[in-house]
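Single-letter residue listing:
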Amino acid sequence: MKLEVFSGKEGICERVAIILKELETKALEKSNYFTIAISGGSLPLLLKNVNKENFSKWIILLADERCVENDSDDSNAKLIDNELFGSTNIKPFRFIKINSEFLNDTKKVCENYYGQMRETWKELGLPCTGSSLIIDCALLGMGPDGHTCSLFPDHDILRSVEFLDYVENSPKPPPKRITLTLNALKMCENVVFLVTGASKNKVIEDIFKKDQKMKYPAGIVSEINSNSTWLLDIDAASLINYKDNFIK
Ligand SMILES: O=C(O)[C@H](O)[C@@H](O)[C@H](O)[C@H](O)COP(=O)(O)O
């Protein structure tokens, strides 16, 4: 697991734009598309420097989504749409969102979302292994409790054997959500965590200094995926020794 620390959000914005350009280039050498799963929270606000030149080749997925209307202020899709595309005319090749027709049945929202993903992978000949669809990049946040996507510490969802699953009792509101599982995240070509703020420094200390990754879903993802990179600001990194990983 790679670690890079920045003095502020600006450095993270610049670095993530460079990383995504590199991953996009690599993906487009193999296929016509770049597949990326994106978290909600403050993460989409860090994507302002992302190069939009090849957006017509991007397939955007929700790393997790709250089961709300796509135009609700609680929707991760709305947040990502606003931050990446704003008022521009630029659009990705496809942005897979939940079907709000099923909002009264979380399981159906989940089945439908996975179905949309599978159809896209099949239609475009994207790589898969069994029931796992291979995603080029998962761009993930982490909460102060160490959750990532809607994978919460000590929650049953961590034992899911599905690729995509749902929770109806999320400790963080709103309670009903769908999420990529550990199985799915293990198979992603790359996982990039963007973590800012002092509220996360203890979890970062446990993951990077105390070797207690497995206590936290974000740490577990980093352990099981062989290609994870963490971009932190100095507030999140304040309890670890980051001298050799400080970028600017
Ligand atoms: O669906 C959610 O409730 C959010 O997406 C959540 O999972 C968020 O990504 C993390 O809590 C990190 O949030 P911040 O980046 O805002 O700290």
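Here's a quick rundown of the structure. (Residues numbered from 1 in each chain as written. Predicted model: local features only at pLDDT ≥ 70, side-chain atom pairs only at ≥ 80, totals over all residues. Heavy atoms only, no water.)

1. Regarding the pairing of strand β8 (residues 137-140)
Within a regular strand, side chains alternate between the sheet's two faces. Counted only if it meets this: Partly exposed describes any residue whose relative accessible area lies between the buried limit of under 20% and the exposed limit of over 50%, with all areas from a 1.4 Å probe on protein chains only and scaled to the type maximum. Helical segments are the DSSP runs of H or I of at least four residues, strand segments are the runs of E of at least two, and each set is numbered from the N terminus. Pairing between strands requires that DSSP locate at least two bridges from one strand to the other.
Side chains Cys137 and Leu139 project from β8 onto one buried face, and the interleaved Ala138 and Leu140 project onto a second face that is buried too. Relative to strand β11 (residues 190-195), β8 is paired through four bridges, and the arrangement is parallel. Paired with Cys137 across the strands is Asn190, a residue of β11.

2. Some thoughts on the pairing of strand β1 (residues 2-6)
Counting buried positions over the five residues of β1 gives four, a clear majority of the element. For β1 and strand β12 (residues 228-233), the ladder comprises five bridges, and the chain directions are parallel. Within β12, the residue paired with Val5 across the bridge is Leu232.

3. Section: the side chain of Ser75
Inclusion rule: Throughout this description, a polar contact denotes any pair of N or O atoms lying within 3.5 Å of each other; where both atoms belong to protein, one of them has to be capable of donating a hydrogen while the other can accept it, and for residues adjacent in sequence the pair is counted only when both atoms sit in side chains. Every residue pair with non-hydrogen atoms within 4.5 Å of one another is taken to be in contact.
One can find Ser75 in the loop between β4 (64-66) and α2 (76-85). The buried category is assigned to Ser75, whose relative accessible area is 2%. In terms of polar contacts, Ser75 uses its side chain to reach the backbone amide nitrogen of Ala77, at 3.1 Å. A distance of 3.0 Å separates the side chain of Ser75 from the backbone nitrogen of Lys78, its partner in a polar contact. Once you skip the residues sitting within four places of it in the chain, Ser75 turns out to touch Glu65, Val68, Glu69 and Asn70.

4. Some details on helix α3 (residues 106-124)
So the rule is basically this: Here the expected length of a helix is defined as 1.5 Å per residue gap, with one fewer gap than residues.
The terminal C-alpha atoms of α3, which comprises 19 residues, lie 27 Å apart, in line with the 27 Å expected from a rise of 1.5 Å per residue. Looking only at α3, the buried set comprises Thr106, Val109, Cys110, Tyr113, Tyr114, Gly115, Met117, Thr120, Trp121 and Leu124.

5. Concerning the sheet that holds β1
As a reminder of what qualifies: Geometry is summarised by axes, namely lines fitted to C-alpha atoms with helices restricted to the contacting stretch, and by angles between N-to-C directions that run from 0 to 180 degrees.
As summarised here, the arrangement of the seven strands in space is β1-β12-β11-β8-β2-β3-β5, forming an open sheet in which the pairing is parallel. Two strands close off the open sheet at either side, each with one partner strand: β1 and β5 (94-95). Across two bridges, strand β3 (residues 58-62) lies against β5 in parallel orientation. Residue pairing for β5: Ile60 is matched across the bridge by Phe95. Packing of helix α1 (residues 9-30) onto the sheet brings it into contact with β1, β2 (34-38), β3, β8, β11 and β12, and relative to β12 it is tilted by some 160°. Sitting on the sheet, helix α5 (residues 201-208) touches β1, β11 and β12, and the angle it makes with β12 is about 140°.

6. Brief notes about the sheet that holds strand β10 (residues 177-180)
Here we have three strands laid out as an open sheet, ordered β4-β10-β9, and antiparallel in their pairing. Looking at which strands have only one partner, the edges of the open sheet turn out to be β4 and β9 (164-167). Averaged over neighbouring strand pairs, the angle between their axes works out to 20° when direction is ignored. Where β4 lies against β10, three bridges are found, and the strand directions are antiparallel.

7. Description of the packing of aromatic side chains
Aromatic ring pairs are defined here through the distance separating the ring centres and the angle between the ring planes. Keep this limit in mind: Each Phe, Tyr or Trp ring, with Trp reduced to its six-membered ring, pairs with another whose centre is within 6.5 Å; inter-plane angles below 30 degrees give stacked pairs, above 60 give edge-to-face pairs, and intermediate values give tilted ones. Note on geometry: a ring has a charge over it if NZ (lysine) or CZ (arginine) is within 6 Å of the ring centre and within 35 degrees of the ring normal.
Scanning the model with the defined rule gives eight aromatic pairs in all. Both rings, one in Phe55 and one in Trp58, keep their centres 4.5 Å apart while their planes meet at 70°; by these two values the pair is edge-to-face. Exposure class is identical for Phe55 and Trp58. Each is buried. Their ring planes at 35° and their centres at 5.7 Å tell us that Tyr114 and Phe163 sit as a pair that is tilted. Here the residue Tyr114 occupies a position in helix α3, and Phe163 occupies one in the loop between β8 and β9, the gap between them amounting to 49 residues. Each member of the pair Tyr114 and Phe163 is classed as buried. An aromatic cluster is present here, built from Phe34, Phe55, Trp58 and Phe85 joined pairwise through their rings. Directly above the aromatic system of Phe95 lies the positively charged group of Lys97, at a separation of 4.9 Å from the ring centroid.

Nothing here speaks to function; it is geometry throughout.
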